[in-house]
There are 4 protein chains.
Amino acid sequence: MAPCLIESLATTEPLAEVFSDISILEAMLDFEVALARAEAGVGIVPKSAADRIRAAARASEFDIPKLSRGMFRAGTPGIPLVKALRERVRARDPKAAGWVHWGATSQDVADTALVLLLKRARPILVGDLERLEKALRALSERHQTTLMLGRTLMQAAPPVTFGLKAAGWLGALGRGRKRLDSAFEEALVLQFGGASGTLASLAKKGTAVARALAQELGLRCPEAPWHTHRDRLANLVCCCGVATGSLGKMARDISLLMQSEVGEVAEPGGQGRGGSSTMPHKRNPIACALALASAHRIPGLVASFLSAMVAEHERGVGGWQSEWPTVASIVQSTGSAASSLAEVAEGLSVDCARMRKNISNTNGLIFAERVMMLLAGELGRDVAQKLLEGTIQKSIRQNQDLGAMLAQLPEVNSRLTRSVLRQLEIPEQYLGSAEAFRRALVKSTSSNKGKR
Amino acid sequence: MAPCLIESLATTEPLAEVFSDISILEAMLDFEVALARAEAGVGIVPKSAADRIRAAARASEFDIPKLSRGMFRAGTPGIPLVKALRERVRARDPKAAGWVHWGATSQDVADTALVLLLKRARPILVGDLERLEKALRALSERHQTTLMLGRTLMQAAPPVTFGLKAAGWLGALGRGRKRLDSAFEEALVLQFGGASGTLASLAKKGTAVARALAQELGLRCPEAPWHTHRDRLANLVCCCGVATGSLGKMARDISLLMQSEVGEVAEPGGQGRGGSSTMPHKRNPIACALALASAHRIPGLVASFLSAMVAEHERGVGGWQSEWPTVASIVQSTGSAASSLAEVAEGLSVDCARMRKNISNTNGLIFAERVMMLLAGELGRDVAQKLLEGTIQKSIRQNQDLGAMLAQLPEVNSRLTRSVLRQLEIPEQYLGSAEAFRRALVKSTSSNKGKR
Amino acid sequence: MAPCLIESLATTEPLAEVFSDISILEAMLDFEVALARAEAGVGIVPKSAADRIRAAARASEFDIPKLSRGMFRAGTPGIPLVKALRERVRARDPKAAGWVHWGATSQDVADTALVLLLKRARPILVGDLERLEKALRALSERHQTTLMLGRTLMQAAPPVTFGLKAAGWLGALGRGRKRLDSAFEEALVLQFGGASGTLASLAKKGTAVARALAQELGLRCPEAPWHTHRDRLANLVCCCGVATGSLGKMARDISLLMQSEVGEVAEPGGQGRGGSSTMPHKRNPIACALALASAHRIPGLVASFLSAMVAEHERGVGGWQSEWPTVASIVQSTGSAASSLAEVAEGLSVDCARMRKNISNTNGLIFAERVMMLLAGELGRDVAQKLLEGTIQKSIRQNQDLGAMLAQLPEVNSRLTRSVLRQLEIPEQYLGSAEAFRRALVKSTSSNKGKR
Amino acid sequence: MAPCLIESLATTEPLAEVFSDISILEAMLDFEVALARAEAGVGIVPKSAADRIRAAARASEFDIPKLSRGMFRAGTPGIPLVKALRERVRARDPKAAGWVHWGATSQDVADTALVLLLKRARPILVGDLERLEKALRALSERHQTTLMLGRTLMQAAPPVTFGLKAAGWLGALGRGRKRLDSAFEEALVLQFGGASGTLASLAKKGTAVARALAQELGLRCPEAPWHTHRDRLANLVCCCGVATGSLGKMARDISLLMQSEVGEVAEPGGQGRGGSSTMPHKRNPIACALALASAHRIPGLVASFLSAMVAEHERGVGGWQSEWPTVASIVQSTGSAASSLAEVAEGLSVDCARMRKNISNTNGLIFAERVMMLLAGELGRDVAQKLLEGTIQKSIRQNQDLGAMLAQLPEVNSRLTRSVLRQLEIPEQYLGSAEAFRRALVKSTSSNKGKR
């Protein structure tokens with residue numbers, strides 16, 4: 001199901017489908033059918049009524065635009081849905097109609113439907129993140145010795161490996177995926193409380209019905225209804241926010257590395273990606289743009305959700321009523337970013353030669369710290385620093401290699417041989433713990449797969 | 001056009017229509033058609049090609065799901081739209097196809113389409129706000145002497161009039177509507193810059209085409225393209241945010257006044273509003289809930305927009321690509337709140353007797369400040385304060401009238417007559433400048449109607 | 001240490017102290033001292049130099065305003081701190097000065113200092129939440145049979161117990177505290193990476209120094225530096241956001257229950273709380289106002305943090321530089337809310353009689369659902385509903401008891417005895433699973449104390 | 001006054017001073033003194049009492065930490081301030097003490113103090129923005145013919161001029177400054193309403209006192225008190241948000257242009273700016289980092305403010321109590337960004353040669369659109385496009401000039417002469433309306449200076 005045009009850059013198709021009209025309607029009907037079955041199971045609702053309700057609950061036969069209008073009027077999705085279902089049941093069996101939605105309140109069906117949608121979204125989201133992790137792990141292993149500039153404040157800095165860079169993304173995303181998966185696990189709970197959240201109309205059978213209903217729907221049964229305690233959902237959307245922050249960081253890095261002047265990596269081009277209507281030669285960072293778009297959109301959406309947590313008493317005025325579009329946007333935006341970057345990671349072009357060239361273009365300046373430390377040992381820190389700063393300025397002005405210029409200074413070449421100075425600028429020799437860090441990051445994410 | 005279910009509580013129908021697939025598609029096609037006409041007008045594009053383009057630009061004949069998928073792949077709405085249009089033109093006239101989108105870039109059509117949607121949204125939004133203002137003005141006039149409790153920190157306080165309360169809402173909303181209308185005025189500008197925002201491919205004819213194109217579309221022509229300068233749109237969404245904050249304040253007040261224990265006003269019930277699936281007697285603050293839902297959702301959405309303003313160079317990576325759903329949600333949420341509260345204001349039940357009863361239920365405690373001031377003149381502030389505090393505690397414990405209790409105290413009745421004390425508790429006599437404020441507020445909003 | 005006036009409503013004193021100038025300075029110096037010691041331990045820095053550095057690192061002797069100005073100029077807290085420390089060391093031992101900050105980068109000291117501050121904040125925050133939980137547990141147990149109105153959309157609804165209400169707060173806050181505590185556990189990690197995050201200048205000794213440094217500081221040593229991977233901190237601030245959402249919900253409830261017209265609970269008044277400058281008799285919901293203020297402020301601050309996660313390469317431009325005030329505000333606001341509500345929960349006045357009176361004031365209307373279910377069994381749902389709605393309207397108009405009015409109807413009293421009808425309005429008999437839910441909630445939070 | 005360390009990267013000194021303890025205290029005292037004078041003027045308060053109050057209102061003699069603690073306890077800054085002032089007056093003249101804060105409520109002094117601080121912030125903020133505009137205007141004029149790459153999605157695109165780029169920043173900031181200045185104008189209004197916002201205790205003299213008080217303080221007198229109508233402040237913080245978005249865009253551009261691989265501009269280095277603790281040669285984008293930090297922080301803060309607008313009745317619970325730190329952070333962050341970028345614009349190094357070199361490094365690919373248009377006229381669009389795409393791929397692979405390669409193709413050189421092809425790659429000839437846009441932008445901001 002293709003997304004609405006207004007959201008075409010903000011969701012993948014599978015997630016557009018999860019939050020589509022038919023999917024929402026089915027989730028609400030699933031609740032009502034399962035409720036009747038659960039209540040039939042504990043002897044409240046006649047078995048035949050439950051069957052009638054099930055038979056009437058065919059999503060394809062409902063008038064969705066009418067439902068939509070009714071929801072706005074009622075201020076809740078539950079009332080018009082129940083009304084429509086009851087009418088359909090009544091048309092077949094007037095007695096059975098009375099058992100529709102028995103003991104439940106309108107927020108029960110709306111909230112549980114949302115949870116059922118999230119249950120469907122979980123494997124999509126977590127799956128895309130795992131696909132991305134797998135691709136990053138492969139990239140990191142493949143490029144464990146691929147040298148590239150470190151960049152701090154977007155200025156050239158001592159070298160890193162592309163393997164380490166990929167492992168950094170991987171580490172953050174692995175942590176993010178685990179948090180997100182746990183948050184799903186916690187949030188996938190039934191909502192069922194009736195009018196005031198006590199299941200009063202079910203007398204002593206409330207908890208039995210709740211357990212049976214949860215089981216029917218494949219959800220956990222919480223300690224109590226949570227109509228005005230939205231912390232589990234809040235935690236879930238926050239985990240989306242944190243994961244998308246990490247996705248945004250990866251996308252920013254790749255889009256920077258794709259700049260014409262840097263040219264170290266490129267997104268895969270396939271299937272409509274990366275073109276330009278006016279500049280046919282361009283290889284644009286399209287997937288990165290989509291991931292960054294998500295990273296722009298989500299923080300505010302998380303704030304919207306958090307601000308709506310302040311709900312009144314047993315059912316609030318305006319808080320939960322605000323949630324559906326917020327949750328859908330967050331989940332879809334997270335998925336759009338994850339899926340886009342999975343595609344990127346799987347097909348990324350890496351130009352190792354350009355990476356090395358960009359290192360050598362710095363004329364050794366990125367090793368200034370290293371030179372400094374060595375010179376400091378010979379000349380004392382203050383003398384060394386002064387000498388080095390002067391030479392660096394000269395190196396920049398004359399576009400010449402720092403080591404070569406230093407080697408011409410008497411203060412230096414009286415103490416350090418040319419070959420020592422040359423060694424200072426071999427990037428492989430100035431990687432410190434890069435490989436140890438890389439391995440530890442890769443290892444930290446390789447276990448503890450999400451369950452769904 | 002009924003909204004999607006996921007947004008059924010978040011938009012009105014007219015605004016759902018503005019941001020619907022067909023509306024978006026038409027707006028984009030309007031740009032392309034007008035562009036060809038404008039370019040034909042200045043002699044760039046053959047008149048016949050412009051005609052062909054117009055003929056091919058029938059929204060109903062486009063494959064919208066395919067466009068949607070293409071937009072996600074391309075990372076922009078413009079590319080697949082232009083491609084589809086060009087194919088349709090080519091099928092009729094291959095030469096004309098080459099003139100489609102001449103000189104424009106994909107963001108030109110996407111941005112201008114968004115502006116055209118906003119142009120359509122403007123009279124809806126501003127109109128609903130004006131309807132609300134009108135109703136509030138009437139409420140304020142009608143209730144200029146209707147006494148009710150002031151409430152500070154949700155505690156009973158000296159009286160106000162309901163006319164003043166309504167005028168307070170009116171004042172804020174009038175200011176908000178004016179700001180919003182000005183922001184629309186500023187934001188409704190053409191986007192047209194070509195690849196790098198210089199209209200290079202139109203050589204010296206760029207500005208002439210721009211002017212003609214703006215005129216075709218009924219938009220103002222800005223000083224320059226604004227692909228990465230989103231301040232006008234930002235200001236517009238901020239003004240939506242501010243107006244919705246004021247709408248939320250009004251909705252909060254009304255929902256508080258509708259509490260069973262307060263019972264001073266009630267939303268009109270009509271047409272599916274206010275019912276409860278489990279409690280048929282309830283008159284729920286449904287419209288207020290919708291307005292408050294908007295007030296919860298919008299601040300975060302405004303943040304999403306503002307954070308996306310930081311755009312790179314001539315066209316950004318991820319900023320503007322994030323905007324469409326954000327802008328649509330903000331405009332629709334604002335409209336949902338404005339329209340809901342217009343309906344409320346037009347049909348509000350006001351229970352003046354209950355208002356007066358809630359005043360008298362306070363046993364005169366809300367006049368303590370007044371008493372204090374009078375006693376302070378007689379006894380000195382410190383003595384008076386001590387005496388008063390003691391009597392207040394007693395009045396609360398014994399649920400008796402403060403004035404009556406004071407009248408029994410020798411320190412008091414030796415100085416103040418019973419009738420003076422009784423007068424202290426006449427709410428009409430303790431309204432200060434309420435009416436002056438009310439009038440000034442009403443007057444401040446009665447001029448300067450929005451133009452559209 | 002009293003907070004700045006601008007933040008006087010936004011933090012507790014202990015948390016103001018955590019983020020005070022002297023505390024920040026000490027945390028930064030702790031890093032530098034521990035670094036020198038750790039490097040001395042693995043044989044990089046002379047033991048005597050490490051001692052000199054320790055001796056020079058007396059926070060009280062630094063010029064804090066000068067540091068502050070230097071930080072703004074340098075765009076990082078690290079550079080001026082290191083410069084000032086080095087100067088102080090140099091004054092005693094020029095050689096030792098060269099070893100200050102050896103191998104580290106300025107963000108290492110800034111980030112680790114932030115983590116050390118968070119380590120100090122943890123027991124304060126978690127402790128206040130536990131204090132609150134304890135008080136809520138006691139309230140819930142004490143009031144397990146205290147009946148009160150349920151309220152949905154702020155309208156009277158079937159009864160609940162105050163014990164259940166308190167348990168609902170407790171459940172959400174218990175979950176929130178556990179998530180927060182885990183997030184602290186995850187976030188309290190060393191930052192140490194040197195210029196490009198490879199510890200290149202320490203050659204092969206990087207990881208050994210990192211481990212020793214982490215141990216010196218009582219922090220965990222992460223897999224790798226995280227200069228541009230801020231997900232652990234993001235998760236922590238999100239958990240603050242979620243917990244504060246739940247605190248806001250509790251505060252909203254209490255402030256609503258404290259309304260003059262409701263009067264069911266009251267905040268404890270003690271020590272400057274709750275007064276009014278103009279209305280001496282008022283018992284204002286001051287602590288609730290502070291908690292709600294936090295709940296208003298935090299969602300946006302969480303968004304600020306999340307949006308800053310998109311950091312460039314090895315060290316970002318503008319992301320982490322934005323974090324300090326955001327993190328401090330979030331932690332302090334959370335603490336202000338938690339501490340305020342702990343005080344409230346410990347001293348809350350509960351007016352059980354008023355709660356019961358507010359139930360009886362509804363004239364039995366809140367049992368309409370119950371009556372409906374019973375009548376539906378006798379008369380069929382549709383007939384029953386019509387009958388009931390009519391009677392309810394009459395009951396409201398005439399301000400009379402619903403059950404009594406129903407008992408006068410022939411359709412009803414032919415089928416149901418007066419005593420059955422009377423029983424319908426006994427709130428104790430319409431609590432459903434309230435007590436089961438209460439117990440499950442209390443139980444769910446009684447284990448798994450936070451460790452610190 | 002140097003900022004607190006926690007905010008050292010988030011404010012300038014002058015704005016730290018505006019929101020400092022002493023400044024806040026003075027603003028509150030200014031209100032109380034002016035109130036007494038205004039009330040003396042209309043004959044309510046004895047002239048001598050007003051004099052005593054003025055004499056007692058010396059900020060330097062107040063115990064600020066005690067005030068801060070009292071504010072947290074009282075949940076409002078007003079109560080402890082008034083108490084302390086009254087005590088000081090009483091010590092001199094017990095009768096005069098009773099006239100302190102006469103007729104006002106605690107929020108009156110808190111809100112008016114905030115407005116007075118904003119009045120002091122206005123010329124600082126607007127002044128820095130004007131300084132920035134002036135520098136940008138000069139840059140734009142100086143570089144009206146300085147050619148540089150356009151960059152879309154961070155890929156090389158047809159050329160622009162640096163003059164146009166600077167004018168784009170200027171245009172957005174000019175609009176932003178005007179909006180901000182108007183928002184200040186609107187927001188600088190007195191708050192004065194007494195307990196319920198009716199000035200009841202002043203009987204009929206309320207509005208006269210209000211007018212006199214506003215005049216004393218140099219503020220406008222609004223139609224009515226606005227304790228729970230915060231739209232004017234909301235609009236002001238939104239305008240800060242929009243302006244900072246534009247500042248962030250400029251900072252992003254400059255930091256991208258400063259990348260080692262791009263090297264087209266550099267921030268001025270002066271006075272502690274731009275160094276690195278580990279890499280002494282670096283010229284870091286420090287001011288840009290500070291501006292971007294503000295741009296990260298502010299959107300969320302704006303959301304915090306907007307969400308707090310939903311205030312209850314005559315004085316709210318938790319909304320306005322949340323505002324002070326939010327407003328201060330927004331104003332300070334805006335000022336930090338504006339001041340940092342003013343410094344940048346005034347001292348920016350522009351490397352015109354490097355700009356041109358970066359153009360020529362693209363081998364003419366950025367003129368592909370131009371070539372396409374020409375070829376399309378000769379060969380038809382489809383043939384031309386195919387031919388061009390092939391040649392572009394070859395040009396990239398062989399790192400050779402596109403025009404030169406095209407000139408070797410028979411299809412091309414049979415139709416276009418070498419010199420025509422060479423002309424295609426002259427950037428000066430492909431600037432379209434760049435200069436027209438530049439001039440229009442410069443002109444649009446050169447009038448309408450902010451008044452203060």
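One structure accompanies this document, and this report is about it. (Residues numbered from 1 in each chain as written. Chains lettered and ligands numbered in written order. Predicted model: local features only at pLDDT ≥ 70, side-chain atom pairs only at ≥ 80, totals over all residues. Heavy atoms only, no water.)

Thoughts on the overall build of chain A
Then comes step 1: Counting secondary structure elements, chain A contains 19 helices and 4 strands.
Then comes step 2: Against the 2.2 N^0.38 benchmark of 22 Å for 452 residues, chain A shows a C-alpha radius of gyration of 30 Å, more extended than a compact globule.
Then comes step 3: Expressed along its principal axes, the backbone C-alpha trace of chain A runs to roughly 105 × 50 × 35 Å.
Then comes step 4: In chain A, buried positions account for 70% of the 452 residues.
Then comes step 5: At a minimum sequence separation of 6, the contacts of chain A that also span at least 24 residues come to 76%.
Then comes step 6: As displayed, chain A offers around 13700 Å² of accessible surface, 50% of which is attributable to carbon and sulfur atoms.
Then comes step 7: Chain A carries 57 positive and 44 negative side-chain charges, and their two centres are separated by 2 Å. (Helix = DSSP H or I, 4+ residues; strand = E, 2+ residues; numbered from the N terminus. Rg over C-alpha atoms; globule rule 2.2 N^0.38 Å. Buried < 20%, exposed > 50% of the residue type's maximum accessible area, 1.4 Å probe, protein only. Contact = heavy atoms within 4.5 Å. Areas by Shrake-Rupley, 256 points an atom, 1.4 Å probe, with all protein chains shown as cover. Lys, Arg positive; Asp, Glu negative; His and termini not counted. Charge placed at Lys NZ, Arg CZ, Asp CG, Glu CD.)

Details of the interface of chain B and chain D
Then comes step 1: Counting residues at the interface gives 86 residues for chain B, matched by 86 residues for chain D.
Then comes step 2: Both sides together, the interface formed by chain B and chain D hides about 7300 Å², and carbon and sulfur atoms give 62% of it.
Then comes step 3: Summed over the three residues of chain B that lose the most area to chain D, namely B:Glu223, B:His313 and B:Phe437, the buried surface amounts to 10% of that side.
Then comes step 4: The tally of links between chain B and chain D comes to 10 salt bridges.
Then comes step 5: The residue D:Arg179 makes a salt bridge to B:Glu186 at a minimum N-O spacing of 2.8 Å.
Then comes step 6: At the boundary of chain B with chain D, the tally comes to 31 residue pairs in polar contact (both at pLDDT 80 or more).
Then comes step 7: Here the side of chain B that touches chain D gets 15 residues from one element, more than from any other, and that element is helix H10 (residues 231-257) of chain B.
Then comes step 8: Here the residues of the side of chain B that touches chain D sort into 40 nonpolar, 26 polar and 20 charged. (Buried area = accessible area lost by both parts, 1.4 Å probe. Salt bridge = Lys/Arg side-chain N within 4 Å of Asp/Glu carboxyl O. Polar contact = N/O pair within 3.5 Å; in protein donor to acceptor, adjacent residues only side chain to side chain. Nonpolar A, V, L, I, M, F, W, Y, C, P; charged D, E, K, R; others polar.)

A word on the interface of chain D and chain A
Then comes step 1: Contact with chain D, which involves 31 residues of that partner, is made by 32 residues of chain A.
Then comes step 2: Regarding the contact of chain D and chain A, the summed buried area is about 3000 Å², with carbon and sulfur atoms giving 57% of it.
Then comes step 3: If you look at where chain D meets chain A, you find 2 salt bridges.
Then comes step 4: A salt bridge links A:Arg151 to D:Glu261, with the nearest nitrogen and oxygen atoms 2.8 Å apart.
Then comes step 5: The interface formed by chain D and chain A holds 7 residue pairs in polar contact (both at pLDDT 80 or more) in total.
Then comes step 6: Elements supplying a minimum of two residues to the side of chain D that touches chain A: strand S1 (147-152), strand S2 (155-161), helix H10 (231-257), helix H14 (368-379) and helix H15 (381-398) of chain D.
Then comes step 7: In terms of residue count, the dominant contributor to the side of chain D that touches chain A is S2(D) (4 residues).

Things to note about the pairing of strand S1 (residues 147-152) of chain A
Residue and element names in this part refer to chain A.
Then comes step 1: Of all 6 residues making up S1, 6 are buried, and the element is well covered by its neighbours.
Then comes step 2: Across 5 bridges, the pairing between S1 and strand S2 (residues 155-161) is antiparallel. Bridge assignment links Gly150 to a residue of S2, and that residue is Ala157.
Then comes step 3: Counted between consecutive antiparallel strands, the loop separating S1 from S2 contains 2 residues, among which Leu153 sits at a positive phi close to 50°. (Pairing = 2+ DSSP bridges.)

Description of the relation of the copies chain D and chain A
Then comes step 1: Take chain D, turn it by 180°, move it 0.0 Å along the axis, and it overlays chain A with an RMSD of 0.1 Å. The relationship between the two copies is best expressed as a two-fold rotation axis. Residue D:Glu261, judged by its C-alpha, is the member of chain D lying nearest the rotation axis, at 3.0 Å.
Then comes step 2: Comparing contact sets, 100% of the residues at the interface of chain D also lie at the interface in chain A, consistent with an isologous, same-surface contact. (Least-squares fit on C-alpha atoms with pLDDT ≥ 70 in both.)

Here's the deal with the pattern of salt bridges
Here the idea is simple: oppositely charged side chains can pair when their charged atoms come close.
Then comes step 1: Taken as a whole and assessed by the stated rule, the structure comprises 112 salt bridges over all chains.
Then comes step 2: Residue A:Glu13 is joined to B:Arg69 by a salt bridge in which the shortest nitrogen-to-oxygen separation is 2.7 Å. Within this pair, whereas A:Glu13 is found in helix H1 (residues 13-18), its partner B:Arg69 is found in helix H4 (residues 64-74), the two belonging to separate chains.
Then comes step 3: A residue is classified by how much of its surface remains accessible, and A:Glu13, at 28% relative accessible area, is partly exposed.
Then comes step 4: Residue D:Arg177 is joined to D:Glu133 by a salt bridge in which the shortest nitrogen-to-oxygen separation is 2.6 Å. Within this pair, whereas D:Arg177 is found in helix H8 (residues 162-187), its partner D:Glu133 is found in helix H7 (residues 106-142), the two being separated by 44 residues in sequence.

Overview of the side chain of A:Thr244
All names here are of chain A.
Then comes step 1: Residue placement: Thr244 occurs in helix H10 (residues 231-257).
Then comes step 2: Residue Thr244 is classed as buried on the basis of its relative accessible area of 1%.
Then comes step 3: Look past the residues within four positions of Thr244 in its chain and what remains in contact with it is Ser294, Ala295, Ile298, Thr334 and Ala337.

With respect to the environment of D:Pro65
Residues and elements named next belong to chain D.
Then comes step 1: Structurally, the position occupied by Pro65 is in helix H4 (residues 64-74).
Then comes step 2: Take Pro65: its relative accessible area is 39%, and that puts it in the partly exposed class.
Then comes step 3: For the pair Pro65 and Asp21, spaced 44 residues apart in sequence, the C-alpha separation works out to 9.5 Å.

Digging into the relation of the copies chain B and chain D
Then comes step 1: Superposing chain B onto chain D requires a rotation of 180° together with a translation of 0.0 Å along the rotation axis, leaving an RMSD of 0.0 Å.
Then comes step 2: By residue overlap, the copies meet face to face through one surface: 100% of the interface positions of chain B are interface positions in chain D.

A closer look at helix H11 (residues 286-307) of chain D
Along an α-helix, a turn takes 3.6 residues, which lines up residues three or four apart on a common side.
Residues and elements named next belong to chain D.
Then comes step 1: Here H11 spans 32 Å end to end across 22 residues, near enough to the 32 Å set by a 1.5 Å rise per residue.
Then comes step 2: Taking the largest bend as the criterion, H11 deviates by roughly 30°, centred on Ile298, and proline Pro299 comes between one and four positions later.
Then comes step 3: The buried fraction of H11 is high, at 22 of 22 residues. (Expected span 1.5 Å × (residues − 1). Bend = angle between axes of the 7 residues up to and from the residue.)

Here's the deal with unusual backbone geometry
Residues and elements named next belong to chain B.
Then comes step 1: With a phi angle near 50°, Leu153 is a residue other than glycine that sits in the positive phi range.
Then comes step 2: Along the polypeptide, Leu153 turns up in the loop between strand S1 (147-152) and strand S2 (155-161).
Then comes step 3: A relative accessible area of 10% places Leu153 in the buried class.
Then comes step 4: With a phi close to 60°, Asn363 is a non-glycine residue in the positive phi region.
Then comes step 5: Tracing the backbone through its elements, the reader meets Asn363 in the loop between helix H13 (352-360) and helix H14 (368-379).

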